[in-house]
2 protein chains.
Amino acid sequence: MKTHSLLTSAHFPKVSDMQQSVSHFRLKAVCSNCKLRELCLPVGLSIGEMRRMDDISHLKRGYARGDYLYRSGDRFQSLYAIRSGSFKTQVLHEDGREQVTGFQMTGEIIGLDAICTDHHTCDAVAMESSEVCELPFNKLEALSRELPSLQRHLHKIMSREIVRDQGIMLLLGSMRAEERLAAFLLNLSQRLAARGLSPTQFQLRMSRQEIGSYLGLKLETVSRAFSNFQDNGLISVKARAVELLDLPGLRTLVGK
Amino acid sequence: MKTHSLLTSAHFPKVSDMQQSVSHFRLKAVCSNCKLRELCLPVGLSIGEMRRMDDISHLKRGYARGDYLYRSGDRFQSLYAIRSGSFKTQVLHEDGREQVTGFQMTGEIIGLDAICTDHHTCDAVAMESSEVCELPFNKLEALSRELPSLQRHLHKIMSREIVRDQGIMLLLGSMRAEERLAAFLLNLSQRLAARGLSPTQFQLRMSRQEIGSYLGLKLETVSRAFSNFQDNGLISVKARAVELLDLPGLRTLVGK
DNA sequence: CATGAATTTTGACATATATCAAACCGGTCA
DNA sequence: TGACCGGTTTGATATATGTCAAAATTCATG
């Protein structure tokens, strides 16, 4: 369960349809006995360095839809790189309110929130059959002391998460419902494109309810916005199958 | 301009009245020729290690209200530890919309957003006369490769920022106006208390407009919420002078 | 201390989104 | 095949917050 966990996985197999951060820090890299690979973590590392990276990681398979990768309050041990499938993260309020804070897909890293308290502060739930690479954080830190490029990369991943969150704050704080949904769809599109998939046709993995939670809206509002987009010829939507018909139009909506 | 920048500064001088993260990673530490100090960065470091930390930092004085510490798009060089005074950070949307993403006070670190792109993604603006310690990031990384406790601390600071942002997302996505304001005031109170200041009486450094931007509300809504709180005996407020009269009542409002 | 500018408060009204409810799917399981 | 069941769409209405405007207050400046 630990062979070449980070080094295998060609071109993002089984790609899911929702995504999150604008870019994702993966690079192509040639590895001794493997074909050209795309990786999520090691950037600018030599073959040997990559192998060391690989040595500390463990592949974990068999997460089914609804399975928890970790729960809020769990003791922090590792970061997780999504190797296939997709997850959502959600925070829970004392009074029962919950909010989806992100949808993560192949190649993205989750668990960063737990570093500061040694305990996870959100839940991570699989949205489909998924695999992850477990990256024990102590070992990751130790290795990054030896490999400056890994160190920098780790810092960039954390910083990127901060920037992503700022973008969501802007969205939640100052955009109207349709602008939020347009921004969501465009972000999705961009992340799909980055993975070599169709940026205009995809299958949503999450419900209207979950989208609404993420965007700070009720599910009915999300549904209505979808319908309006369709009426205006911006998209075609039927349940979770979405086609973006007018990307420039969507961009105009979010004001860029 | 670089002597003992991080090591001086006793007990948070000139404390400002707005704040941000729940805790702030400063510790008391004894240093050779200094009195007991409170520091923002070095945790669990020996005297010698602290001195090395100090050696790479530069004290920068003389930021007046409205001065920019950095602007969105500026090249990234350094993180900044606020030594006195306070700042706000804001992101700007292409179409002119802007949103305050945080109010930072003494002991807090800003600039983390810039690591991932090598350019700052938000503005940092002084809200009063302020001083900062500039921490050149390359040197900080190099030093943290040598000092595991510094490395861990840096990771925690970044993680904490991620958690903070998640909390704001929850606030913006699922709380009503008065709940948001109550959460804001309680957070303020908590951070003041952590600095040994009155958790119930303080002077706001930011306008209703800025609070509104931070909370995703219009300034009139913020003003009305303040007035309602006062009418209900939760607080006493006159312009920017605030007194929290009923902390439990405020906590009930935010649902905890 | 006086004046004007900026900020804050308050009011009346408009509107976006939430709420409640029902109908409509599309798949799953007897 | 038919009945269920979660998810989605759509409609009617309620409500929180935004908008516009004016008055009140505070703050800065000469």
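Bear in mind the structure is a predicted one, so any value in this text is a computation, not a measurement.

Student: Residue-level account of the protein's contact with DNA strand D, with values.
Tutor: Around DNA strand D there are 18 residues in total, and Arg208 and Ser227 of chain A together with Ala177, Thr221 and Lys238 of chain B lie nearest to it. The separation between a phosphate oxygen of DNA strand D and a polar side-chain atom of Thr221 of chain B is 2.3 Å. Looking at the surface near DNA strand D, the elements with two or more residues in it are α6 (219-231) of chain A together with α6 (219-231) of chain B. Sorting elements by how many residues they give to the surface near DNA strand D places α6 of chain A first, with 5 residues. Class assignment for the residues of the surface near DNA strand D results in 4 nonpolar, 5 polar and 9 charged.

Student: Tell me what's going on with the pairing of strand β5 (residues 78-84) of chain A, and back it up with residues and numbers.
Tutor: Residues and elements named next belong to chain A. Counting buried residues along β5, 7 of its 7 residues qualify, which places the element largely inside the surrounding structure. Of the pairings in the sheet, the one linking β5 to strand β10 (residues 130-136) comprises 6 bridges and is antiparallel in character. Bridge assignment links Ser78 to a residue of β10, and that residue is Pro136. Two strands pair when backbone bridges link them, and β5 and strand β8 (residues 109-110) are joined in this way by 2 bridges, in the antiparallel orientation. Note on β8: the bridge partner recorded for Tyr80 is Ile110.

Student: Which residues make up the interface of chain A and chain B, and what values do they have?
Tutor: Between chain A and chain B, the contact holds 49 residues from the first and 49 residues from the second. Carbon and sulfur atoms make up 57% of the area that chain A and chain B hide from each other, which totals about 4600 Å². For the interface between chain A and chain B, the tally reads 4 salt bridges. Put simply, chain A and chain B have 31 residue pairs in polar contact (both at pLDDT 80 or more) between them. At the level of secondary structure, the elements contributing two or more residues to the side of chain A that touches chain B comprise β7 (98-105), α2 (137-146) and α3 (148-174) of chain A. Considering every element that reaches the side of chain A that touches chain B, the biggest residue donor is α3 of chain A, with 20 residues. Split by residue class, the side of chain A that touches chain B holds 19 nonpolar, 15 polar and 15 charged.

Student: Please give an account of the sheet that holds strand β13 (residues 241-244) of chain A that cites residues and values.
Tutor: Residue and element names in this part refer to chain A. With antiparallel pairing, 3 strands are arranged side by side in an open sheet as β11-β13-β12. Sheet topology places β11 (201-203) and β12 (235-238) at the edges, where each strand pairs with a single neighbour. On average, each strand axis in the sheet is tilted by 15° relative to the strand beside it, whichever way the strands run.

Student: Report on unusual backbone geometry, specifying residues and quantitative values.
Tutor: Phi at Ala239 of chain A takes a positive value of approximately 55°, unusual for a residue other than glycine. By the element assignment, Ala239 of chain A lies in the loop between β12 and β13. For Ala239 of chain A, a relative accessible area of 54% corresponds to the exposed category. A positive phi angle is found at Asp118 of chain B, which is not glycine, with a value near 70°. Here Asp118 of chain B lies in the loop between β8 (109-110) and β9 (123-126). Judged by its relative accessible area of 22%, Asp118 of chain B falls in the partly exposed class.

Student: Quick rundown of the relation of the copies chain A and chain B? Include the residues and the values.
Tutor: When chain A is fitted onto chain B, the two copies agree to an RMSD of 0.0 Å after a turn of 180° and an axial shift of 0.0 Å. Here the two chains are linked by the operation of a two-fold rotation axis. Of the C-alpha atoms belonging to chain A, the one lying closest to the rotation axis is found on Arg145 of chain A, 2.2 Å away. Most of the interface of chain A is mirrored in chain B, where 100% of its interface residues are also at the interface.

Student: Outline the pairing of strand β6 (residues 86-92) of chain B, listing residues and values.
Tutor: All names here are of chain B. β6 sits mainly inside the fold: 6 of its 7 residues count as buried. In sequence, β6 turns back onto strand β7 (residues 98-105) through a hairpin of 5 residues, with Gly96 there showing a positive phi of about 100°. As defined by bridge partners, β6 adjoins β9 across 4 bridges and the pair is classed as antiparallel. Counted as the bridge partner of Gln90 is Asp123 from β9.

Student: Describe the packing of α2 of chain A against α3 of chain A, with residues and values.
Tutor: Residue and element names in this part refer to chain A. In the contact formed by α2 and α3, the axes pass within 5 Å of each other and the chain directions differ by 125°. As the angle between them shows, α2 and α3 are arranged oblique. Residue-level contacts link Phe137, Leu140, Leu143, Ser144 and Glu146 of α2 to Pro148, Leu150, Gln151 and Leu154 of α3. Tallied by class, residues from the contact of α2 with α3 come to 6 nonpolar, 2 polar and 1 charged.

Calculation notes
- Positions within a chain are numbered from 1, following the residues in the order the chain's sequence is written.
- In the order they appear in the text, chains get letters beginning with A and ligands get numbers beginning with 1.
- In keeping with the predicted nature of the model, local features appear solely for residues at pLDDT of at least 70, side-chain atom pairs appear and are counted solely at 80 or more, and the whole-chain, interface and lining totals rest on all residues.
- Values reported for side chains reflect all heavy atoms of the structure, with hydrogen atoms and water molecules removed beforehand.
- Distances are taken per atom, and a residue is near a molecule or strand as soon as one of its heavy atoms is within 4 Å of it.
- What qualifies as a polar contact is a pair of N or O atoms within 3.5 Å, subject to a donor-acceptor requirement within protein and to the restriction that residues adjacent in sequence count only when both atoms come from side chains.
- Runs of H or I in DSSP of at least four residues are treated as helices and runs of E of at least two as strands, each being numbered from the N terminus.
- Ten residue types, Ala, Val, Leu, Ile, Met, Phe, Trp, Tyr, Cys and Pro, are classed as nonpolar, four, Asp, Glu, Lys and Arg, as charged, and the remainder, Gly among them, as polar.
- Partly exposed describes any residue whose relative accessible area lies between the buried limit of under 20% and the exposed limit of over 50%, with all areas from a 1.4 Å probe on protein chains only and scaled to the type maximum.
- At least two DSSP bridges between two strands are needed for those strands to be called paired.
- Throughout, a contact is declared for two residues whenever any of their heavy atoms are within 4.5 Å.
- Accessible surface is computed with a 1.4 Å probe, and the buried area is the amount of it that two parts give up when combined, taken over both parts together.
- By convention in these notes, a salt bridge is any Lys or Arg side-chain nitrogen within 4 Å of a carboxyl oxygen on Asp or Glu.
- Helix axes use the C-alpha atoms of the stretch in contact, all axes being lines fitted to C-alpha atoms, and the angles between their N-to-C directions lie in the range 0 to 180 degrees.
- Residues below a pLDDT of 70 in either copy are left out; the C-alpha atoms of the rest, at least 70 in both, set the least-squares superposition of the copies.
- We call two directions roughly parallel when the angle between them is under 35 degrees, roughly antiparallel when it is over 145, roughly perpendicular when it lies between 65 and 115, and oblique otherwise.

Everything listed here is a matter of geometry and, on its own, says nothing about what the molecule does.
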